[in-house]
Amino acid sequence: MGNLFRFTQPLRFGHCDLTGTVYLSQYFDMINSTVEDWFEQGLGLPFDAFHLRHGYGNPIVSTRCDFLRPCRYGETMTIELAVANLGRSSIELRIAGKVGEEERIVARHTTAMISMESFRSIAIPDDLRAKMGRYAIDPAGSPTPRAGGRFEGAPARSFRTRQPIRYSHCDPSAIVYFPRFFDLFNNVLEDWFAQELGSPWRNDFMGTRNLRLPTVGIACQFSRGCRLGDMLELDLRVTSIGRSSMQLALSGRVGDEESMHVDWTLCVVSSGTFRAVLIPDDIRARMQPFLVRSA
């Protein structure tokens, strides 16, 4: 086992949603902050020098995060980073978020080393690879689960939205800063509930019904960067409906080019107890047309 790099983050008011728990995209902001601090403090290469002086980029290829227990306002989370695998140009990280000694999130996060001039992958420089190797864990560890990316079985109706890529979505690399994608995904989910499932979050799902919909796990595979001015089309389908959980698949494209695939598991819980409850029958019935049926 190599060294662990640790990043400590007090969970603040601005990290949390209506439930007082950390909002989905904020976890990925914290993961990105951990990676950025690791480059500066652990590898001796500040991110600004990495991008601006050396002309390197580090876009996300895929990420998978499992949420074991909610994190709440007022807690302090320590994120531990280790290198699970080093490829020629790819870096796979194992990231765990803990409150005290209890793991709350576990992620596998893969990025690529690219040239910002050509936006093509390049080999990780030898000196940087050697420093990254100090954080390597046992290579026999389990590989990163990938987002499926294809819908199997009979076609289902999809819920489609068009999301313009705005200035506020983008980072200094002139592409979407990847935690912002999770805001876009959540917008699709919220619109689906309001427009197709007959349960707007404010007035019905989180109001009258007093329910919440936390993420259990999400896996994303990114195949193309999205840039300012792009129009991202996102299609949502349902791949499984359980007693209290649902599995969704999102696919995104810009024009004729695929941009991403997402597998997303959510669970319906009571806002009072935060324990799983049955999906309401009327909502379950309205989900059925979006279900991908096995061949």
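Residues numbered from 1 in each chain as written. Predicted model: local features only at pLDDT ≥ 70, side-chain atom pairs only at ≥ 80, totals over all residues. Heavy atoms only, no water.

## Structural notes on the overall build of the protein chain
Moving on, step 1. The helix and strand inventory of the protein chain stands at six helices and 14 strands.
Moving on, step 2. Counting only C-alpha atoms, the protein chain reaches 60 × 45 × 40 Å along its principal axes.
Moving on, step 3. Partitioning the contacts of the protein chain with sequence separation of at least 6, the portion at a separation of at least 24 is 69%.
Moving on, step 4. In the form shown here, the protein chain has an accessible surface area of approximately 14,200 Å², with 46% of it arising from carbon and sulfur atoms.
Moving on, step 5. For the protein chain, the distance from the average site of its 34 positive side-chain charges to the average site of its 33 negative ones is 3 Å. (Helix = DSSP H or I, 4+ residues; strand = E, 2+ residues; numbered from the N terminus. Contact = heavy atoms within 4.5 Å. Areas by Shrake-Rupley, 256 points an atom, 1.4 Å probe, with all protein chains shown as cover. Lys, Arg positive; Asp, Glu negative; His and termini not counted. Charge placed at Lys NZ, Arg CZ, Asp CG, Glu CD.)

## Looking at the pattern of salt bridges
Moving on, step 1. One pass over the structure, following the stated rule, counts 20 salt bridges.
Moving on, step 2. For the salt bridge of Asp 282 with Arg 209, the shortest nitrogen-to-oxygen distance reads 2.6 Å. Highlighted residues: Asp 282 in helix 6 (residues 281–287) and Arg 209 in the loop between helix 5 (201–208) and strand 9 (211–212), separated in sequence by 73 residues.
Moving on, step 3. We classify Arg 209 as partly exposed; its relative accessible area is 25%.
Moving on, step 4. Between Arg 286 and Asp 282 there is a salt bridge; the shortest N-O distance is 3.4 Å. Here the residue Arg 286 and the residue Asp 282 both occupy positions in helix 6, the gap between them amounting to four residues, near one helical turn. (Salt bridge = Lys/Arg side-chain N within 4 Å of Asp/Glu carboxyl O. Buried < 20%, exposed > 50% of the residue type's maximum accessible area, 1.4 Å probe, protein only.)

## Describing helix 4 (residues 179–195)
Moving on, step 1. Given a rise of 1.5 Å per residue, 17 residues ought to cover 24 Å, and the 25 Å separating the end C-alpha atoms of helix 4 matches this to within 8%.
Moving on, step 2. In terms of burial, helix 4 is a largely internal element, 12 of the 17 residues being buried.
Moving on, step 3. Buried within helix 4 are the following residues: Pro 179, Arg 180, Phe 181, Phe 182, Asp 183, Leu 184, Phe 185, Asn 186, Val 188, Leu 189, Trp 192 and Phe 193. (Expected span 1.5 Å × (residues − 1).)

## Side note on the packing of helix 1 (residues 24–42) against helix 4
Axes are the key here: two packed helices are described by the angle between their axes and the distance separating the axes.
Moving on, step 1. Running from amino to carboxyl end, helix 1 crosses helix 4 at an angle of 170 degrees, the nearest separation of the two axes being 8 Å. Accordingly, the angle class assigned to the pair helix 1 and helix 4 is roughly antiparallel. Facing Leu 24, Ser 25, Phe 28 and Asp 29 of helix 1, the residues of helix 4 in contact are Pro 179, Arg 180, Phe 182 and Asp 183.
Moving on, step 2. Residues of the contact of helix 1 with helix 4, tallied by class, amount to four nonpolar, one polar and three charged. (Axes fitted to C-alpha atoms, helices over the stretch in contact; angles between N-to-C directions. Parallel < 35°, antiparallel > 145°, perpendicular 65-115°, else oblique. Nonpolar A, V, L, I, M, F, W, Y, C, P; charged D, E, K, R; others polar.)

## A short note on helix 1
Moving on, step 1. The first and last C-alpha atoms of helix 1 sit 26 Å apart over 19 residues, in line with the 27 Å expected at 1.5 Å per residue.
Moving on, step 2. With respect to burial, helix 1 is a largely interior element, 14 of its 19 residues being buried.
Moving on, step 3. Backbone geometry just after helix 1 places Gly 44 at a positive phi near 70 degrees.

## Details of the nonpolar core
Moving on, step 1. In this structure, Phe 185, Trp 192 and Phe 193 are the most contacted members of the largest nonpolar core, which totals 78 residues.
Moving on, step 2. Discounting residues that sit within four places of it in the chain, Trp 192 has contacts with Phe 159, Leu 197, Leu 236, Val 238, Met 246, Leu 248, Met 287 and Phe 290. (Core = buried A, V, L, I, M, F, W, Y, C linked by side-chain atoms within 4.5 Å.)

## What about the environment of Phe 193?
Moving on, step 1. On the secondary structure map, Phe 193 appears in helix 4.
Moving on, step 2. Setting aside chain neighbours within four positions, we find Phe 193 in contact with Gly 198, Ser 199, Pro 200, Trp 201, Phe 205, Leu 213, Met 246, Ile 283 and Met 287.

## Quick notes on the side chain of Glu 80
Moving on, step 1. Position of Glu 80 among the secondary structure elements: in strand 4 (residues 76–86).
Moving on, step 2. Of the residues examined, Glu 80 reaches a relative accessible area of 12% and is grouped as buried.
Moving on, step 3. One polar contact links Glu 80 to Arg 6, side chain to side chain, over a distance of 3.1 Å.
Moving on, step 4. Within polar-contact distance, the side chain of Glu 80 engages the side chain of Lys 98 at 3.4 Å. (Polar contact = N/O pair within 3.5 Å; in protein donor to acceptor, adjacent residues only side chain to side chain.)

## A short note on the sheet that holds strand 10 (residues 215–222)
Moving on, step 1. The 10 strands lie next to each other as 1-4-5-6-3-10-13-12-11-8, forming an open sheet whose pairing is antiparallel. Single-partner strands in this sheet number two, and they are strand 1 (5–10) and strand 8 (159–164). Across the sheet, the mean angle separating the axes of adjacent strands is 20 degrees when strand polarity is ignored.
Moving on, step 2. With five bridges connecting them, strand 3 (residues 60–67) and strand 10 associate as antiparallel partners. In the strand pairing of strand 10, Asp 66 is matched with Gly 217. (Pairing = 2+ DSSP bridges.)

## Quick look at the pairing of strand 3
Moving on, step 1. In the sheet, strand 3 pairs with strand 6 (residues 102–112) via seven bridges, with the strands oriented antiparallel. By the bridge assignment for strand 6, Ser 62 is matched with Thr 110.

## Examining unusual backbone geometry
Moving on, step 1. Positive phi is not limited to glycine here, since Ala 174 has a value of about 70 degrees.
Moving on, step 2. Mapped onto the elements of the fold, Ala 174 is located in the loop between strand 8 and helix 4.

## Points about the packing of aromatic side chains
Moving on, step 1. One pass over the structure, following the stated rule, counts 19 aromatic pairs.
Moving on, step 2. Each ring, one from Phe 28 and one from Phe 178, has its centre 6.0 Å from the other, and the planes form 80 degrees; the classification is edge-to-face. With a gap of 150 residues between them, Phe 28 in helix 1 and Phe 178 in the loop between strand 8 and helix 4 connect regions that are remote in the sequence. Both residues of the pair, Phe 28 and Phe 178, belong to the buried class.
Moving on, step 3. On the numbers, 5.7 Å between centres and 85 degrees between planes, the contact of Trp 192 with Phe 290 is edge-to-face. With Trp 192 in helix 4 and Phe 290 in the segment after helix 6, the pair connects residues that are 98 residues apart, well separated along the chain. (Phe/Tyr/Trp six-rings, centres within 6.5 Å; stacked < 30°, edge-to-face > 60°.)

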